Amino acid sequence: MFHAERMADFALGLRFDDLPDAVVETAVRVVADTLACAVGAIGEPGPAILRRYAIERGGRPEATLLGGEERVDLPLAALVNGALARDLDANDLYAAPPGRDTGHFSDAIPAVLAAAEAAGASGRELLTAVVVAYEIQAALSEAYRWMDRGLHSVSQVAWAVPAAAGRLLGLSREQIVSAIGLAGTTGGLILQSWLKPSLAIPMVKGGAPGFAGQVGLQAALLARAGFTAPPDALETLFDRLPSDADPAPFERLSPPYAFTTPRNMLKRYPAQIYTQAAVQAAVELHPEVGNVDDIAVATVYGHRGVAAGVQGSAAAYTPESRATADHSTPFVVAVALRDGDLTPASYQGEPWKDPALRDLMQRVDLVIDPAFERALVEEGRFGCRLVVEMLDGRRLEATVEQQRGHPDNPLSRDELLAKMRGFTDPVLGDGAAERLLAAAEALPQATGVDALIAACRPA
């Protein structure tokens, strides 16, 4: 059996009643979290360009652009809403087994939601399709080393969306197989061209999931119309661009199911995943620090993800855009030490250009600690230690073994709501986060998704 056939069988065979309570709870939470992230990005430059593009080109009014009442065709809705969800780099990430690739599986949610709206699907049908997208992406991420071949993990979205959306749109098994092959062949190999040390990151970084979702929905619609593609596109990829492929993860897609959806991390702070523990440690030390002008040096001891690479490069000390600032360990640590928090508002007004904050960033040292490196590589732990030495001789220290939001240290409902408020309330008004979370939590009983979409615009 080809991988696409197994994916199609899983998409069509899974039922809401097959989902354990923990899987349903996770699906509800990731839907709420993802849509909050999308609302927070309304008006950001990249998504705004794509929104104008979609509205100008019109199309069939099949799905709503989040944050408003404009309706466009399914692929364009996936393009805009996918870019919104990803733009602020605050959506979830899969806690993959050590040594395997990961991905932001919620990148698929906007496309799946668009398909659910167009199909008049119930809340249960939406949640089941979300789990389909998550489980397929988990299999894809573990089966192949995408990043090793220069392909960003967002590539997985284009392979997963046709199966999840195809289920909602009434495609047959053969049509879903063709849709997977078509999307993967024409748009499922997304070149990793932006994740590298630089002063500014281009808009494609946030927009890429939207393009992947657009390709996935377009493929599903074409396959439903009779357009065919090969069933062995994934096998061809693994053969032509070999990189330690392992077919075993696809076996989870056959009964008895072994669900991985609860192994997704929700970010507590709007910053790159590897910086989360450092921000958490800085927030903990903020009350003891007092005036950050009295800091002699703040040293982060951690794995390479937080102390090197994009997050710890020379460019990370002089970011020139929000997209580089939220990937900068010196920036997010400095802000958290100064303010006691890191929220979407922390990026307003281009604070990375503030001379005082830049001076504080220069006093943030980054050290690769072998113990934290081993903990990440061998155990999947994202921790770090922050030591702040004050001019008066005091030495302050905070250690985070596993960051908040990781499935081994999950966010409480109140913490999730607090995060959501930072994204939704400045855009939609007070109480927006509560309305959105309530709409997501009502999905298991909802006859449709209209209330969920309505919660993403002003009351």
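Residues numbered from 1 in each chain as written. Predicted model: local features only at pLDDT ≥ 70, side-chain atom pairs only at ≥ 80, totals over all residues. Heavy atoms only, no water.

A. Broad picture of the overall build of the protein chain. When helices and strands are counted, the protein chain shows 20 helices and eight strands. Radius of gyration (C-alpha) of the protein chain: 21 Å, near the 23 Å computed for a compact globule of 459 residues. Projecting the C-alpha coordinates of the protein chain onto the three principal axes gives extents of approximately 75 × 50 × 40 Å. If the 40 positive side-chain charges of the protein chain are averaged to one point and the 58 negative ones to another, these points end up 2 Å apart. (Helix = DSSP H or I, 4+ residues; strand = E, 2+ residues; numbered from the N terminus. Rg over C-alpha atoms; globule rule 2.2 N^0.38 Å. Lys, Arg positive; Asp, Glu negative; His and termini not counted. Charge placed at Lys NZ, Arg CZ, Asp CG, Glu CD.)

B. Highlighting the pairing of strand 7 (residues 384-390). Buried residues dominate strand 7, accounting for six of its seven residues. Sheet topology note: the strand 5 (residues 295-302)/strand 7 ladder contains seven bridges and is antiparallel. Within the sheet, the bridge partner assigned to Tyr 301 lies in strand 7 and is Arg 385. In this structure, strand 7 lies alongside strand 8 (residues 395-400), joined through six bridges in antiparallel fashion. Among the inter-strand pairings, Val 387 is bridged to a residue of strand 8, identified as Glu 397. Between the end of strand 7 and the start of strand 8, which pair antiparallel, lie four residues, with Gly 393 showing a positive phi angle near 95 degrees. (Buried < 20%, exposed > 50% of the residue type's maximum accessible area, 1.4 Å probe, protein only. Pairing = 2+ DSSP bridges.)

C. The arrangement of the environment of Ala 233 in detail. Along the chain, Ala 233 turns up in helix 10 (residues 233-240). Beyond its immediate stretch of four places on either side in the chain, Ala 233 contacts Trp 159, Gly 181 and Thr 185. (Contact = heavy atoms within 4.5 Å.)

D. Layout of the environment of Thr 324. Looking at the secondary structure, you find Thr 324 in helix 14 (residues 322-325). C-alpha of Thr 324 to C-alpha of Ala 200: the two residues are 124 residues apart in sequence and 5.7 Å apart in space.

E. View of empty space enclosed by the protein. Using the criterion set out here, one finds three cavities of 30 Å³ or more in the structure. In this model, the second largest cavity occupies a volume close to 40 Å³. What lines the second largest cavity is Ala 63, Thr 64, Leu 66, Asn 81, Pro 110, Leu 113, Ala 114, Glu 117 and Ile 453. Of all the secondary-structure elements, those providing two or more residues to the lining of the second largest cavity are strand 1 (63-64) and helix 5 (109-119). With four residues, helix 5 is the largest single contributor of residues to the lining of the second largest cavity. Classifying every residue of the lining of the second largest cavity gives six nonpolar, two polar and one charged. (1 Å grid on protein atoms, 1.4 Å probe; cavity = no way out; pocket = protein on both sides within 12 Å on 5 of 7 lines; lining within 4 Å. Points joined across faces, edges and corners; volume = space filled by probe spheres on them. Nonpolar A, V, L, I, M, F, W, Y, C, P; charged D, E, K, R; others polar.)

F. Seen up close, the nonpolar core. Counting residues in each nonpolar core, the largest one holds 121 residues, and the members touching the most others are Leu 126, Ile 136, Trp 159, Leu 217, Leu 234, Phe 250 and Leu 452. Ranked by residues supplied to this core, first place goes to helix 6 (residues 123-143) with 13 residues. When near neighbours in sequence (up to four residues on either side) are disregarded, Leu 234 contacts His 3, Met 7, Leu 140, Trp 146, Trp 159 and Phe 250. Of all hydrophobic cores here, the second largest spans 39 residues; its members include Ala 271, Ile 295, Val 332 and Val 364. (Core = buried A, V, L, I, M, F, W, Y, C linked by side-chain atoms within 4.5 Å.)

G. A look at the packing of aromatic side chains. This structure, assessed with the given rule, holds nine aromatic pairs. Summarising the aromatic geometry, the rings of Phe 105 and Tyr 134 are spaced 5.8 Å apart at their centres and angled 90 degrees between planes, so their arrangement reads as edge-to-face. Residue Phe 105 is found in the loop between strand 3 (93-94) and helix 5, and its partner Tyr 134 is found in helix 6; the two are separated by 29 residues along the sequence. Overall, Phe 105 belongs to the buried group, its relative accessible area being 1%. Aromatic rings pair up to connect Phe 10, Tyr 257 and Phe 259 into one cluster. We note Arg 268 situated over the ring of Tyr 269; from NZ or CZ to the ring centre the distance is 5.1 Å. (Phe/Tyr/Trp six-rings, centres within 6.5 Å; stacked < 30°, edge-to-face > 60°. Lys NZ or Arg CZ within 6 Å of the ring centre and 35° of its normal.)

H. Inspection of the sheet that holds strand 5 at higher detail. Spatial strand order, 6-5-7-8: four strands in an open sheet with mixed pairing. Either end of the sheet is taken by a strand with one partner, and the two such strands are strand 6 (364-368) and strand 8. Going from strand to strand, the sheet's axes swing by 15 degrees on average, the running direction of each strand aside. In the packing of helix 11 (residues 276-289) onto the sheet, the strands contacted are strand 5, strand 7 and strand 8, and the crossing angle to strand 8 comes to about 145 degrees. (Axes fitted to C-alpha atoms, helices over the stretch in contact; angles between N-to-C directions.)

I. Representation of the packing of helix 1 (residues 3-13) against helix 8 (residues 173-187). The N-to-C vectors of helix 1 and helix 8 enclose an angle of 125 degrees; their axes lie 9 Å apart at closest approach. By the angle between their directions, the pair helix 1 and helix 8 is classed as oblique. As for the relative orientation of helix 1 and helix 8, their crossing is right-handed in sense. Of helix 8, the residues touching helix 1 (which contributes Ala 4, Glu 5, Met 7, Ala 8, Asp 9 and Leu 12) are Arg 173, Ile 176, Val 177 and Ile 180. Per-class residue counts for the contact of helix 1 with helix 8 are seven nonpolar, no polar and three charged. (Parallel < 35°, antiparallel > 145°, perpendicular 65-115°, else oblique. Left-handed = near helix turned anticlockwise from the far one by under 90°.)

In short, geometric facts, not functional conclusions.
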